[in-house]
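So you can see what is in the structure, the chains are spelled out below.
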Amino acid sequence: MNSRSMLKRPSAFLPLAMSSAALAVVLFYLGLHGPAPQADEGAAAHLWQILMAAQIPIVAFFALRWATRFPWQAAPVLALQIGAALAAMVPVFLMHW
């Protein structure tokens, strides 16, 4: 099994899709409201938190299931998952939300 065929597994591509959706939520919110801090957390913040937290067990399952069997093929997929999660976290960190 190679990394490309591994990316077709739901436990591989779902965290990437969830991180992309979380990044889209942040960018959409910034496009509508700008970077000014709000008085309280809105729906966008809660959606971002849910998307980011829900991928933790999926990534853990992927790591336990595939990284133990095919470590060299799973490593690039895990790097993509971590990179996508960090890309979704960077705007939130930079805006100090």
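Since we're looking at a predicted model, the values are computed, not measured.

Another aspect to go through is the environment of Met-6. Mapped onto the fold, Met-6 is located in helix α1 (residues 3-6). The exposure class of Met-6 is buried, given its relative accessible area of 0%. Spatially, the C-alpha atoms of Met-6 and Phe-70 are 9.7 Å apart, while their sequence positions differ by 64 residues. Excluding residues within four positions of it along the chain, Met-6 makes contact with Met-1, Ala-12, Phe-62, Trp-66, Phe-70, Gln-73, Ala-74 and Val-77.

For the rest of this paragraph, the subject is the nonpolar core. Ranked by size, the top nonpolar core spans eleven residues in total: Met-18, Ala-22, Val-25, Val-26, Leu-30, Trp-48, Leu-51, Met-52, Ala-85, Ala-88 and Val-92. Contributing elements (two or more residues each) for this core: α2 (10-33), α3 (43-67) and α4 (71-95). When residues in this core are grouped by element, the largest group, five residues, is from α2. Membership of the second largest hydrophobic core comes to seven residues, among which are Ala-12, Ala-74, Val-77 and Leu-78.

Reading the values: rules and limits
- Residues numbered from 1 in each chain as written.
- Predicted model: local features only at pLDDT ≥ 70, side-chain atom pairs only at ≥ 80, totals over all residues.
- Heavy atoms only, no water.
- Helix = DSSP H or I, 4+ residues; strand = E, 2+ residues; numbered from the N terminus.
- Buried < 20%, exposed > 50% of the residue type's maximum accessible area, 1.4 Å probe, protein only.
- Contact = heavy atoms within 4.5 Å.
- Core = buried A, V, L, I, M, F, W, Y, C linked by side-chain atoms within 4.5 Å.

Just distances and angles here, no functional claims.
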